[in-house]
Amino acid sequence: MKAVIMAGGSGTRLRPLTSHLPKPMVPVVNKPMAEHIVDLLKSHGLKDIIFTLHYLPQAIEEYFGDGTEFGANIKYSTEEGKPLGTAGCVKAIQDELDSTFLVISGDCLTDIDLTEAIKFHKERKSKATIVLKRVENPLDYGVVITDSDGRIQRFVEKPSASEIFSDTVNTGIYILEPEVMLYVIMGREQDFSNDLFPLLLLRNEPLYGYVADGYWCDIGNLQVYRQAHCDVLDGKVKIELGIPQVEPGIWIGEGTQISPTAKLEPPVLIGNNCRIGAETVVGPHTVIGDHVVLQEKVSLKQPVIWSNSYVGNQVAMRACIICSNATIHRSAEILEGAVLGANTSVGQEANISPDVRIWPNKSIDSGARVTESVIWGTRAPRTIFGARGVVGLANIEITPEFAVNLAAAYGATIKSGPVLVSRDYWGISRMISRAVISGLMSVGVEVQNLESMPQPISRFYVKTSRAAGLIHIRVSQREYDKISIEFFDSDGVAITKAMERKIESTFFKKDFPRCMPADVGAITYPSRVREYYMAEFLNHIKGQVFEQDKVPFCVVPGANYTRMTKNGALTTRSPKVVIDYAMAETGVILPDLLGQLGIETVVLNASIRATPSKQEERIAMRKQLADVVKALKADLGVQIGRNGEQITLVDETGQIIRGELLLAVVSDIILRDKPGRSIVIPVNSSSVIDRIADKHGCKVVRCKASETEIGNTTARLAEAALGASANGCFIFPEFQNGYDAMFATGQVLEHLTYQGRGLHQAISELPPLVYQVDSVHCPWERKGRVMRLLVEKHQDRPMKLMDGVKVQTRNDHWVLVLPDPVEPLIHVYADGLDLQQVSADLNEYTQLVRYLQQ
């Protein structure tokens, strides 16, 4: 039986370790990862091995040769040009594979029993078997669900937080029959997980999952790389170290000299021909390569030091990584998470701060303090994009240096401009926006700086400016010490996940194509952006045609406020509206807009504050708004969110309308005049929206529970009249593809006037809304297990897995269990027609989520 080792990866997220090495050649306890895989294959009788190569293939070929020195027969297949993907590269060698064969990644660390996996494959007469492993946090892996016999029912490749249906993941180890490769097209880029396995599942081919015991680790980032060394020294994985254990927990190679006054604290591993000086302390979980010199009074705690490095007197290292041929001079300090690339020189008394990466062939001056972090946050991350753009602590995680590199990565990805840049009015946003502009210009991208601008206006303008995209910087509305950087395409729609991954890949490489001085991007300042938005806003509302009547709203030119109602009557009564701007920038233009629509307004909190309003202040402002609406006998009260995207309504009686009730009433107001159209809502929205849509002859389209997904789905759906969520954000795709509180306010007022109704009447005419929510604390490492057990428990019930696990508990009642994408929480939503039953469902499932964590 032959084995294929996929070894083409470049290991972007392990940079600078992989700047001069392919990822499978990065050493783990002084042996390349790929050599550990070769050892594993040999131990299970698999000695005929084929490497598939792409990045720096000569490094692997020169190391392993024909395999004679390693007791194996090794051949190679090198991909030229564009990578073919995991399945495509194996397709290229199908002539070598005439019987059952095994495929394994060359950059993992494992001691899985391959013999048992092969036995399982043959017993099930499987065409393809995926070796599976249960892990604490499945976010970075392909999640797999199997039946009781091991046959695969479903899998999701690298799920989002809400798609964690199981903690059983794809290890990248496959046992295949040759005929499955007939489904792969020669020369085309195809993956096993994304292409072949879904096709086999669709064709009902025997596709099984073998849940393995033993150790398995996908070494995907620097933190995991360090942890893998700790796991080896702790005995969690059974591999051949090739170095004798001289006493419990201490491995020392041949020719190594250790001073009698040096102290070794197990577990430690020291390679061949090293020298350890007097009074040096080698702390637990330290790994030292071959031919390393440690001078006197060196202090080591958990570093990984590659071969041929020199460490001077009194150097201190803390949980760092030192690549080959590094020279570290006296009294230097290298702190936790720092990485020194190959051939790096660090001067005496220099200090390398936590998580700083030094690229190969660099010199650090004596006494220098290197504090610039070129990675995200305080740890090497898996991603930098979150549920909505890039979010982090202002000037701590998102610094000007970080913003420059992120913008350069974006600019290098899109390759041409112009790019619009806008921000809110806080000083921290101004600082970060200037860094973003510098990063874009440094890679030759033209910038149009909108400066301080409400995000809805920026998203509207990007559609008509022929720009390549938009970057908007703003302070978080809920966590005022955080700032977000959001990216939108030329249509004002949030960029896709695929685009986010491209930006991340370029960002982690840190090799942006900086342009020549003469090619630095230009910067311009577009004028009259607000005026253009206002003109289109007014044109759209005044010229809007109701689909039942085929006549516009405004029928008497020159009248201050004249509208035809649904029953054909004319009304000239100007609505009185109280607008609470919550000290936000939208107050600059909204009064003028409403005035030009003939709407009488009373303004609250219109001045722009120097510091963001806190949540409790916004709640107090809402109560103030309700009191003013009642006192003035106004028709409507509206509070505008600080970023110009969210609204909260107040009816004539002073009732504050938020959450699911707000979503329901706005949906009813809009869909009543849009028969045959669609509304896009998240999967966790109440089923009252379905009843409203049915009443008006409309269709409901549900999507994943994120603002980005709502926006993207609404933009793609030609018949969509509205995209909405319970947080007060509404999209009117006929006007623009972004959330717009100002336009939503205008639409609600005009539709209510046309319908001859007030907001309180609209609420009273809604179908019953019975909907409850609770949240359960759940550690990240247990989320996958909870969701897997939940799926297994409900196999006999109607269930949907679009986002989280949605279970029908009885007719017209459902419960949704949805992991939070940011916090260690699982949310439970219950919906139905009977309050007692909904409460019982909510209580049952919150208790079940707590129980499944145990």
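One structure accompanies this document, and this report is about it. What you see is a predicted model; the values in this text were computed from it and never measured. (Residues numbered from 1 in each chain as written. Predicted model: local features only at pLDDT ≥ 70, side-chain atom pairs only at ≥ 80, totals over all residues. Heavy atoms only, no water.)

## Thoughts on the nonpolar core
Phase 1: With 65 residues, the main nonpolar core has Leu17, Leu41, Phe51, Leu102 and Tyr225 as its most contacted residues.
Phase 2: At 6 residues, the largest contribution of residues to this core is made by helix H1 (residues 33–43).
Phase 3: Apart from the residues lying within four places of it in its own chain, the contact partners of Leu41 are Ala3, Ile5, Leu46, Ile49, Leu102, Ile104 and Leu114.
Phase 4: Core analysis: the second largest hydrophobic core is formed by 63 residues, Tyr461, Leu636, Val638 and Ile669 among them. (Core = buried A, V, L, I, M, F, W, Y, C linked by side-chain atoms within 4.5 Å. Buried < 20%, exposed > 50% of the residue type's maximum accessible area, 1.4 Å probe, protein only. Helix = DSSP H or I, 4+ residues; strand = E, 2+ residues; numbered from the N terminus. Contact = heavy atoms within 4.5 Å.)

## Quick notes on empty space enclosed by the protein
Phase 1: In the structure shown here, the tally under the stated rule is 4 cavities of 30 Å³ or more.
Phase 2: Put simply, the largest cavity is a space of about 140 Å³.
Phase 3: Lining the largest cavity we find 15 residues, and of these Arg388, Glu486, Phe488, Ala494 and Thr708 sit closest to its centre.
Phase 4: Only strand E40 (482–488) and helix H16 (707–716) provide two or more residues apiece to the lining of the largest cavity.
Phase 5: Per-element accounting of the lining of the largest cavity gives the leading share, 4 residues, to H16.
Phase 6: The class makeup of the residues in the lining of the largest cavity is 6 nonpolar, 4 polar and 5 charged. (1 Å grid on protein atoms, 1.4 Å probe; cavity = no way out; pocket = protein on both sides within 12 Å on 5 of 7 lines; lining within 4 Å. Points joined across faces, edges and corners; volume = space filled by probe spheres on them. Nonpolar A, V, L, I, M, F, W, Y, C, P; charged D, E, K, R; others polar.)

## A closer look at the side chain of Asp740
Phase 1: In this fold, Asp740 is placed in the loop between strand E52 (730–731) and helix H17 (741–755).
Phase 2: Nearest to the buried, unbridged Asp740 among oppositely charged side chains is Arg459, at 9.2 Å.
Phase 3: Contact partners of Asp740, with chain neighbours within four places excluded, come to Pro456, Tyr533, Gly644, Glu645, Phe730 and Phe735. (Lys, Arg positive; Asp, Glu negative; His and termini not counted. Salt bridge = Lys/Arg side-chain N within 4 Å of Asp/Glu carboxyl O.)

## Section: the packing of helix H14 (residues 659–671) against helix H15 (residues 688–695)
Phase 1: The N-to-C vectors of H14 and H15 enclose an angle of 10°; their axes lie 10 Å apart at closest approach. Regarding the angle of H14 to H15, the classification is roughly parallel. Note that H14 runs across H15; the crossing there is right-handed. Residue-level inspection shows Leu663, Ala664, Ser667, Asp668 and Leu671 of H14 in contact with H15, the latter providing Val688, Ile689, Ile692, Ala693 and Lys695.
Phase 2: A per-class count over the contact of H14 with H15 returns 7 nonpolar, 1 polar and 2 charged. (Axes fitted to C-alpha atoms, helices over the stretch in contact; angles between N-to-C directions. Parallel < 35°, antiparallel > 145°, perpendicular 65-115°, else oblique. Left-handed = near helix turned anticlockwise from the far one by under 90°.)

## Quick word on the pattern of salt bridges
Phase 1: Enumeration according to the criterion identifies 31 salt bridges in this entry.
Phase 2: The partner of Glu645 in a salt bridge is Arg459, with the nearest N and O atoms 3.9 Å apart. Taken together, the positions of Glu645 in the loop between strand E46 (636–640) and strand E47 (647–650) and Arg459 in helix H9 (residues 455–464) put the pair 186 residues apart, joining distant regions of the chain.
Phase 3: Residue class for Glu645 comes out buried when judged on its relative accessible area of 4%.
Phase 4: Arg459 sits in the buried class, given a relative accessible area of 5%.
Phase 5: One salt-bridge network, held together by shared partners, links Arg388, Arg459, Arg474, Glu486, Glu645 and Glu707.

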